[in-house]
Structures are given as C-alpha cells and as structure tokens.
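Structural overview
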2 protein chains.
Amino acid sequence: MNKTYTWRVKEPRWLSEREFDAWLAYLTTSHLLERRIEEQLKADSGLTHSQYEILARLSAAPGKRLRMTELARLVVVSKSRLSYQIGRLEKIGLVERVSCASDERGVVATLTGEGARCLERTAPGHLAVVRAFLIDHCSPDELTTMTRIMRKAAAAMEAAGSPPS
Amino acid sequence: MNKTYTWRVKEPRWLSEREFDAWLAYLTTSHLLERRIEEQLKADSGLTHSQYEILARLSAAPGKRLRMTELARLVVVSKSRLSYQIGRLEKIGLVERVSCASDERGVVATLTGEGARCLERTAPGHLAVVRAFLIDHCSPDELTTMTRIMRKAAAAMEAAGSPPS
DNA sequence: AGTTGATGGTTCAAATTTGAACAAGACCTA
DNA sequence: TAGGTCTTGTTCAAATTTGAACCATCAACT
C-alpha cells in the first residue's frame, strides 16, 4: 500500500487503485510462476519452459508436426528464437526438421518418438506445478473468469494487428 | 523441493478441459502481452520491461531507494540479472548505487531525478498498453477476481518456500 | 518467361540472462 | 575473541535472446 504513486491518481488515464492492484498482482504472480515452472522443468527434465511449450504444441498438432511459422505463432516466440530452440531440440533428438512438400522454402518441425516420450514423462510434473501454484486455487467460476479475461485480451491484441515478429 | 513434486508424478492428474483452457489462455495471453509491452517500451523510451519495473519499484519505495536484494525480490529477478540491469540504468543516469550505511556489504539502488523524470515520461504510454490490452477489458468484478486469483497463487508459492534466486 | 513484392527460415553480431563461484561482511555462539 | 555459518552483491563463462540482414521461394501480375 504505497501512496508514492502520486501519478496514479492525478489523472484518470492512469490506473485506479483497484486496477493497479490487479495489474501488480498479475505481474508479480506471472513472474513467480514462470520461475517455479522453469525450476521444476530444468530439475526434472532439463527442458526450458519454451522447449516444453514447443513439444506440447507439436504433440497436440495433427501428425505431431507444424510449420515453423505456425509453431512460432502458437508458442508466441520470434522466428529466430524458435529456429535456435528447434535446433537445440533436434540435437537431442526430440524434434526433427523435415522440408515441406508443398512449399520448397518451408520447414516442418516434427515431434520424434523420443520427443513424445520425453513429453509424456515430463508433463505430469509440470502440470503438478501449474496445479499446485495456480489452477488448484481457482474455483470453477474463477477459472472461467480467468479464461474469459485472457481471451478478451488476446482478442484485443489480435485485433490491433502489427507486431508479430 | 524436487521430491515435493514426485508424489504427484506417481498419480498424474491431468487438467480438465476447462482447466486446460484457462491455463492455455493465460499462457498465450501473458506471452502476447509481454511482447506488446516490450515493443511499446522499446519504441517510446528505449527501456525494457524489466528496467521499467525496476524504476517503478524504486519510485514507489520510500526515499525512492531500495536495497538490491529487496528490489530483486519485488521485481522477481535473479541477483545477477538485477546487478546487470542496475549497471545499465546507472550508465544512462537513471539510477545510482549508494553504499549502505548500516550494512557494509549492502548497496542501495537509488532513483535519480533523471530516472524519476524518465519514468514519468514513460508511464503513460506503458499504462496505455496495459489498459488497451488487458485492464480496460475487465469489468470491476473481473478485476477483483483476477486480483484474488493471482494473490492466492502468489501466496501458495510464498508458502512453498525455497524460491530460486 | 520476367518482374515485383511478400513470405519462410536461417544466420550473424551484439546484448542479455543464467547459474555457479567468489569476496567481504554480518551474525551467532561457545 | 575465534570459528563457523549465513547474507550481500558482483563477476565470469557459457547459453540464450534479439533484431536486422539475408537468401531462396512463392504468388500475382504483365
């Protein structure tokens, strides 16, 4: 409860106290959660959260394969970052790069058997963290509210267009 | 801490569809939002989100100054990362390092006048993004729900202790 | 076919982050 | 007071991320 944010109340275009509380809570918790997730994944499987997300998206995709650009869009990472991480996952045999049939330029990232097995082995511990620190504390109502809020936000950013790097 | 997760691994509890939707929505939106924030801050002020958070926390602190460790805790970053970023902010004159009086080892990060001015100048654009893409889409009820959820999650992580540094 | 303008993916240098190691103080207690 | 043990903050090498530059291909025309 710090009153030092004088600018907070000077102008209505700043955040109200209630809004500010929500934003600060969101911001702090997202950082803490990310830290916990990284910690657990690293310890139990050597994966980073980014890598886990890549594997999970591939696993959920039809044929367990996705074009690089589409994968980057789904995981929300830059092309160069995805390129690097796919290279890393390829090196440890969890993913394979296959050149695309219909588009000579294209590359299809494909989950290997080993990759699927790694994900299967890793998911429970990861989801346990997600549960223990977030999901299990939400009532069904809270869960739907969170989903609704997050989707509205995503839609707003979608509508704004532009910054996909 | 790793052992703590192990018992859950034995009896994997997958996420229900509703839970998974919430988690996925949260995850995706948090990435998208971070991207938007980074983009806006970089364009309008040359700051990163991390640096902005540091300045904001300092500004809110009594005397606009905080010990390194406390600042790292509030912003939720590692000590080495904070050390690097404070060095960067110091180099451009937004922050000063002052040695602590009561503890010879200690360092007090202090917001300079220039730093305060930079924050003042930068905040509106930043908050506009936070509003446009998240806050303004939340009803008062949704806002309180989000705050409640996030605080419960933070509390759960707090209670779990042994947080990484 | 040839031109033009987007798109897909990689690559490179520079900047940042990570995590462990380190030095210097503080703190406890016998 | 000495010895042992936390704490604080920095530093270093290695890993990762960033963002622009780049090449090859595609798609739509002419």
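Overview of the structure. Computed from a predicted model, the values in this text were never measured in an experiment. (Residues numbered from 1 in each chain as written. Chains lettered and ligands numbered in written order. Predicted model: local features only at pLDDT ≥ 70, side-chain atom pairs only at ≥ 80, totals over all residues. Heavy atoms only, no water.)

To continue, consider the sheet that holds strand β3 (residues 107–111) of chain A. Residues and elements named next belong to chain A. Here three strands make up an open sheet; going across it, the order is β1-β3-β2 and the pairing antiparallel. Both outer strands of the open sheet, β1 (65–67) and β2 (95–99), are each paired with one neighbouring strand and no more. Strand-to-strand twist in this sheet, taken as the mean axis angle between neighbours without regard to direction, amounts to 25 degrees. Strand direction decides the pairing type here: β2 and β3, joined by five bridges, are antiparallel. Across the sheet, S99 pairs through a bridge with V107, a residue of β3. Relative to the sheet, helix α3 (residues 49–60) contacts β1, β2 and β3, its axis offset from that of β3 by approximately 95 degrees. (Pairing = 2+ DSSP bridges. Helix = DSSP H or I, 4+ residues; strand = E, 2+ residues; numbered from the N terminus. Axes fitted to C-alpha atoms, helices over the stretch in contact; angles between N-to-C directions. Contact = heavy atoms within 4.5 Å.)

Before going further, it helps to examine the environment of B:G106. All names here are of chain B. If you trace the backbone, G106 turns up in the loop between β2 (95–99) and β3 (107–111). Residue G106 is classed as buried on the basis of its relative accessible area of 6%. Dropping the residues within four chain positions of it, G106 is found in contact with R67, S99 and C100. (Buried < 20%, exposed > 50% of the residue type's maximum accessible area, 1.4 Å probe, protein only.)

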